[in-house]
Amino acid sequence: MNIWLVGSTNVGKSTLFNRLIGQFRAIVTDIPGTTRDIIEHETLIDDIGKVTFLDSPGLHDFTEEEVLIKQIIDHSDLILFMIDDSVGITAKEQHIYSYIIEKHKKNKTILIVNKIDIKHKEKEYDLAVNEYYHLWFEHILGISAKKMKNLVELKDLITKIINAKVLQKNTETEALVTSETQVQDNRIHMAIIGKPNAGKSTLLNALMKKTVSKVESIPGTTRDYIIGEFTAEKKKYVVYDTAGIRKKWDIHGIEKIAFDKTLEMLKYKRPIILFMVDGVEGLSHRDMTLIQEINNLALPMILCVNKIDLLDEKHQKLLVAKTKAMMDFAKYIHVFPISAKTKKGIKEIFNVLSNVKKEAEKRIDTSELNDIIGKEFISRPPRFPKNKVCKILYITQIDINAPTFIAFVNHKTRANFAFKRWLENTIRIHFGFMGTPLVIRFKERQDSRLEKRDEEKEENQEEKVVTKKEAYGHRTKKKEGK
């Protein structure tokens with residue numbers, strides 16, 4: 001069930017979008033055209049089930065925006081057509097209105113008169129809406145998205161229309177939608193990350209096989225992360241196209257808000273990262289920093305070296321070899337040369353996505369894990385400084401996606417970087433986990449033999465103390481006798 005918000009720039013679509021989904025999803029500012037891309041969010045509405053709200057972009061170039069608006073109207077189940085009461089009906093809104101009439105979507109449209117609080121008092125809201133009845137919409141409502149006026153009435157109206165106009169054609173839809181929300185999400189989630197102008201939006205459009213995100217040579221075209229959903233070879237995918245991430249001290253304002261939202265999405269959804277590298281520029285210092293930041297989140301990753309269509313075969317091979325050499329610290333990450341523009345190499349990415357998801361969700365049996373680590377410790381033991389051996393007493397996997405292990409050792413302080421690397425390599429040699437980072441934590445626990453030895457020492461010390469006390473008491477009695 002798709003519910004679209006359409007209207008001119010700065011009429012309050014993003015504010016209403018955030019209110020309807022109950023969270024800060026779309027960036028809201030007073031700058032016209034802040035939302036440049038289609039933003040969607042799936043939520044549940046009582047008495048309906050799963051519903052997707054979509055916020056349309058407000059572009060300054062209406063010829064470009066009109067194409068998107070027509071697609072939106074064609075594919076919407078319900079349209080929320082927004083007008084700014086403080087401005088009135090503009091030429092752009094007249095075009096939107098005409099196309100709604102042309103496509104016979106008037107009975108599936110709610111005309112929302114926003115910012116009605118600017119010119120009118122609350123008691124006058126109903127009278128103020130009367131001047132818009134000449135448009136002959138069946139459903140017209142005056143609201144203030146910013147001050148949350150009449151939003152409850154809007155949600156009730158949405159529920160009423162959907163139940164009356166859409167769901168009556170298929171009585172089983174509601175039950176089907178409800179059951180779908182209870183099924184485990186088996187879709188493969190992936191997020192496209194990288195510096196500005198690395199080709200992220202081009203890759204999204206290539207994956208979706210349609211234009212979802214605008215492609216421009218201007219860095220920073222994508223401000224908000226965009227969500228796309230598609231099916232390929234009987235598998236379902238969800239892809240997030242994120243804003244280009246620059247150096248932290250270079251981002252501010254809207255860009256900073258977009259960056260923070262992207263980071264929260266990555267932590268919550270934990271998708272497979274398709275990290276985009278500009279093949280012409282090569283793997284830069286900023287790319288390496290970003291990869292390390294994502295590595296700290298322990299997210300599975302595939303490295304996509306883009307724009308290889310601009311290089312000959314010899315330079316392509318040199319580029320891939322150089323990239324793999326620079327990624328020596330994370331050899332588990334797949335490196336793919338691709339061209340998002342010509343779609344070369346994209347099929348290879350699809351081939352490994354399912355495997356990476358399985359690897360990230362793999363769980364190793366504890367007894368098998370301890371048996372392997374024990375044998376490897378004897379056959380190829382890790383190196384330690386003299387008299388500073390760190391012994392693994394017990395190891396177990398406690399979580400998946402990211403695969404997390406806890407190793408109980410005799411001396412936690414001796415678990416240095418080299419030992420951790422040895423342990424990670426041993427796990428990967430025997431159990432794989434390709435494409436996904438491992439989280440290894442150390443916890444100190446004394447060896448039972450050492451504990452027994454310490455207990456014996458404590459008992460001996462106690463016996464010595466008792467003996468001294470008895471001797472002292474005997475001498476005291478002797479003095480008293482004299």
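Residues numbered from 1 in each chain as written. Predicted model: local features only at pLDDT ≥ 70, side-chain atom pairs only at ≥ 80, totals over all residues. Heavy atoms only, no water.

(A) Structural context of the environment of His139. Structurally, the position occupied by His139 is in strand 6 (residues 139–142). Note on His139: relative accessible area 10%, which makes it buried. A sequence separation of 29 residues divides His139 from Ile110, and the C-alpha atoms of the two residues are 5.0 Å apart. For His139, the residues in contact, after removing those within four places along its chain, are Asn107, Thr109, Ile110, Leu111, Leu157 and Ile161. (Helix = DSSP H or I, 4+ residues; strand = E, 2+ residues; numbered from the N terminus. Buried < 20%, exposed > 50% of the residue type's maximum accessible area, 1.4 Å probe, protein only. Contact = heavy atoms within 4.5 Å.)

(B) The arrangement of helix 13 (residues 417–431) in detail. In this model helix 13 runs 21 Å from its N-terminal to its C-terminal C-alpha over 15 residues, within 8% of the 21 Å that 1.5 Å per residue would give. Every buried residue of helix 13 is listed here: Phe419, Trp422, Leu423, Glu424, Thr426, Ile427, Arg428 and Phe431. Packing partners of the buried residues in helix 13 comprise helix 11 (346–360), helix 12 (366–379), strand 13 (392–399), strand 14 (404–409) and strand 15 (439–444). Just downstream of helix 13, Gly432 is the residue with a positive phi angle, here 85°. (Expected span 1.5 Å × (residues − 1).)

(C) Broad picture of the sheet that holds strand 15. Spatial strand order, 13-14-15: three strands in an open sheet with mixed pairing. The outermost strands of the open sheet, each flanked by one partner alone, are strand 13 and strand 15. Sheet twist, expressed as the mean angle between neighbouring strand axes with direction ignored, is 25°. Bridging between strand 13 and strand 14 involves six bridges; their strand directions are antiparallel. Paired with Ile395 across the bridge in strand 14 is Ala407. Across the face of the sheet, helix 12 comes into contact with strand 13 and strand 14 while running at roughly 140° to strand 13. Sheet strands touched by helix 13: strand 13, strand 14 and strand 15. Its angle to strand 15, the strand with the most contacts, is close to 125°. (Pairing = 2+ DSSP bridges. Axes fitted to C-alpha atoms, helices over the stretch in contact; angles between N-to-C directions.)

(D) Expanded view of the nonpolar core. Core analysis: the largest hydrophobic core is formed by 28 residues, its most contacted members being Met190, Leu203, Leu207, Phe230, Leu274, Ile302 and Leu353. Elements supplying a minimum of two residues to this core: strand 7 (188–194), helix 7 (200–208), strand 8 (226–232), strand 9 (235–241), strand 10 (272–278), strand 11 (301–306) and helix 11. For this core, the element with the highest residue contribution is helix 11, accounting for six residues. The contacts of Phe230, once residues within four sequence positions are left out, are Met190, Leu207, Met208, Lys235, Lys236, Tyr237, Val239 and Phe350. Among the nonpolar cores identified, the runner-up in size contains 25 residues, and Ala191, Met265, Ile294 and Tyr332 belong to it. (Core = buried A, V, L, I, M, F, W, Y, C linked by side-chain atoms within 4.5 Å.)

(E) Representation of the confidence of the model for the chain within the structure. Chain-level statistics for the chain give a pLDDT mean of 78 and a share of 74% at 70 or above. Predicted confidence is poor over residues 26–36, with pLDDT under 50, and the contacts of this stretch with residues over four places away or in other chains come to 45 contacts. (pLDDT = per-residue confidence, 0-100.)

(F) Local environment of the sheet that holds strand 7. Pairing is mixed across the open sheet formed by six strands, whose spatial order is 8-9-7-10-11-12. Strands at the two margins of the open sheet, each flanked by one partner only, are strand 8 and strand 12 (334–337). Averaged over all adjacent pairs, the angle separating strand axes in this sheet is 25°, with direction ignored. Sheet analysis places strand 7 next to strand 10, joined by five bridges and oriented parallel. Looking at the pairing, Ala191 lines up with Ile273 of strand 10. The sheet strands contacting helix 7 are strand 7, strand 8, strand 9 and strand 10, and the helix crosses strand 7 at an angle near 155°. Against the sheet, helix 9 (residues 285–296) touches strand 7, strand 10 and strand 11, its axis set at about 175° to strand 10.

(G) Representation of the side chain of Ser144. One can find Ser144 in the loop between strand 6 and helix 5 (151–166). For Ser144, a relative accessible area of 2% translates into the label buried. Polar side-chain contacts of Ser144 include one of 3.0 Å to the side chain of Asp117. Sequence-distant contacts of Ser144, that is, excluding residues within four places in its chain, are made with Asn114, Lys115, Asp117 and Lys149. (Polar contact = N/O pair within 3.5 Å; in protein donor to acceptor, adjacent residues only side chain to side chain.)

(H) Region of the structure containing unusual backbone geometry. That bond from Asn401 to Ala402 is cis: its omega, 5°, falls within 30 degrees of zero. Counting through the fold element by element, Ala402 comes out in the loop between strand 13 and strand 14. Positive phi is not limited to glycine here, since Trp136 has a value of about 65°. Classification of Trp136 as exposed rests on a relative accessible area of 65%. In this structure, Lys234 takes a positive phi of about 65° despite not being glycine. Turning to its location among the elements, Lys234 is positioned in the loop between strand 8 and strand 9. Since its relative accessible area comes to 84%, Lys234 is described here as exposed.

(I) Structural view of the pairing of strand 15. Two elements, strand 14 and strand 15, share six bridges in a ladder whose sense is parallel. Across the sheet, Phe405 pairs through a bridge with Ile440, a residue of strand 15. With helix 13 bridging strand 14 and its parallel neighbour strand 15, the resulting β-α-β unit is right-handed. (Right-handed = clockwise from strand over helix to strand, strands pointing away.)

(J) Fine view of the layout of surface pockets. If you add up the space inside the second largest pocket, you get close to 540 Å³. Every residue lining the second largest pocket is counted, 20 residues in all, and those nearest its centre are Asn295, Phe329, Tyr332, Glu424 and Leu438. Secondary structure elements with two or more residues in the lining of the second largest pocket: helix 9, helix 13 and strand 15. The dominant element in the lining of the second largest pocket, judged by the number of residues it contributes, is helix 13, at six residues. Class assignment of the residues belonging to the lining of the second largest pocket gives a composition of 10 nonpolar, four polar and six charged. (1 Å grid on protein atoms, 1.4 Å probe; cavity = no way out; pocket = protein on both sides within 12 Å on 5 of 7 lines; lining within 4 Å. Points joined across faces, edges and corners; volume = space filled by probe spheres on them. Nonpolar A, V, L, I, M, F, W, Y, C, P; charged D, E, K, R; others polar.)

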